[in-house]
Structures are given as structure tokens and as C-alpha cells.
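Analysis of the macromolecular model
Listed below, chain by chain, are the residues.
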Amino acid sequence: MESALDATDRRILAALQKEGRITNAELSERVNLSPSACHRRVQRLEEDGYIAGYVALVDARRLGKPTTVFVEITLESQAEELLDAFEREVARVPDILECHLMAGSADYLLKIVAEDTEDFARIHRQHLSRLPGVRQMQSSFALREVLKTTALPV
């Protein structure tokens, strides 16, 4: 699918990743297309799944959730039923922003936001400790966010 993108498509994607609310007129100027041609390309990129959606990036600190915790989870086994049950339950915890199945020492890596350490203790008590099949859990608190982007290299 990647080869289906030309340089103009890549410029459109780069611009939209940085400024999702840009008008079609502004976008067409930046990528040197007519507004109608630009609109057709954006529609095609959406239809082909290159653009998965549009969102507002909300500031966690302003929402009172400045604490980021990464939790490594090791399960008791790799049985498919256990993996499925674990993933179903993780999806129900609103404080978990991301869950990744890993290769390496841990089976899963979770990214969690919390108000503070007490709030994380609540999340741990009410949710994490009840996840199915967990053998071991290791939590690491982020001290500072050094780099954060949602823009993929195109």
C-alpha cells in the first residue's frame, strides 16, 4: 500500500498530521494543488485507510491527569483464551491509554494516566490487580515527557 502514495499524498498527510483542522483551501495551497484536486486526494486517503480519523489532542495535565505510568505485565501462560480474556478486560479500564503485546521479558506493556500516585494505587487496586492470568506486574512512573508526537514519518 505504501507505494500507492506519491509525494503529494505524503505532503498532504504530513500537513494534516500537524494541523488536522486546516481548511481545504489552506491545505491545497501548501501542497500546490487546486482545492478540488486536494479534496479528492484527501477523500481517497480517507477511503483507502491512510487517514484513520480526526481527533482533538487533549492535555492530560489540564484534565488533572499529569502522571504517566508504564506497567509491564507477565501472564501465567500464553494460552490464546487467556490472552483474549486479558485483552478484553484491559479494554474496559478507562485509565489505560495503550496496551501492547510485547516480545521480550514482559507479555504486555500498558500506558496509564493518573492524577497522582494515590490515584494510580486506586487504579491498581480496582482494575490491574483483577486482570485475568497476571503472574507479575512492574510499574514505572515517567518523571518527564521528553518527546511526544502523534505524527508518523511519511
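Residues numbered from 1 in each chain as written. Predicted model: local features only at pLDDT ≥ 70, side-chain atom pairs only at ≥ 80, totals over all residues. Heavy atoms only, no water.

**As for the sheet that holds strand 4 (residues 134-141)**
Where strands meet in a sheet, backbone hydrogen bonds hold them as pairs that are either parallel or antiparallel. Going by this rule: In this analysis, strands are considered paired if DSSP registers two or more bridges between them. Helix and strand definitions here come from DSSP, where helices need a minimum of 4 consecutive H or I residues and strands a minimum of 2 consecutive E residues; each element is numbered from the N-terminal end. Angles here are taken between N-to-C directions and fall from 0 to 180 degrees, while the axes themselves are lines fitted to C-alpha atoms, restricted in helices to the stretch in contact. Working rule for contacts: check all heavy atoms of both residues, and any pair within 4.5 Å makes them a contact.
Reading across from one edge, 2-3-1-4 is the order of the 4 strands in this open sheet, with antiparallel pairing throughout. Lying at the two open borders of the sheet, with one neighbouring strand each, are strand 2 (96-101) and strand 4. Within the sheet, the average angular offset between the axes of one strand and its neighbour, ignoring direction, is 20°. Pairing of strand 1 (residues 67-75) with strand 3 (residues 108-114) involves 7 bridges; the strand directions are antiparallel. Residue pairing in the sheet places Ile73 in a bridge with Tyr108 of strand 3. In this fold helix 5 (residues 117-126) packs onto strand 1, strand 3 and strand 4, with an angle of close to 130° to the strand it touches most, strand 3.

**Concerning the packing of aromatic side chains**
For the record, the criterion: Only the six-membered ring of Trp is used, alongside the rings of Phe and Tyr, when aromatic pairs are assigned; centres must lie within 6.5 Å, and planes under 30 degrees apart are stacked while those over 60 apart are edge-to-face, with the rest tilted. When accessible area is computed with a 1.4 Å probe and restricted to protein chains, residues below 20% of their type maximum are described as buried, those above 50% as exposed, and intermediate ones as partly exposed.
Across all of its chains, the model carries 2 aromatic pairs by this definition. Taken together, a centroid distance of 5.3 Å and an interplanar angle of 80° make the contact between Phe120 and Phe141 edge-to-face. With Phe120 in helix 5 and Phe141 in strand 4, this residue pair connects regions lying 21 residues apart in the sequence. The partly exposed category is assigned to Phe141, whose relative accessible area is 36%.

**A closer look at the UniProt feature "domain: HTH asnC-type" (unreviewed entry) in the protein**
Condition: UniProt positions are given in the numbering used here, feature names are shortened, and annotations may be inferred rather than shown by experiment.
When the UniProt feature table is mapped onto this chain numbering, "domain: HTH asnC-type" (unreviewed entry) sits at residues 5-66. In residues 5-66, the share of helix is 52% and the share of strand is 0%. The end C-alpha atoms are 38 Å apart.

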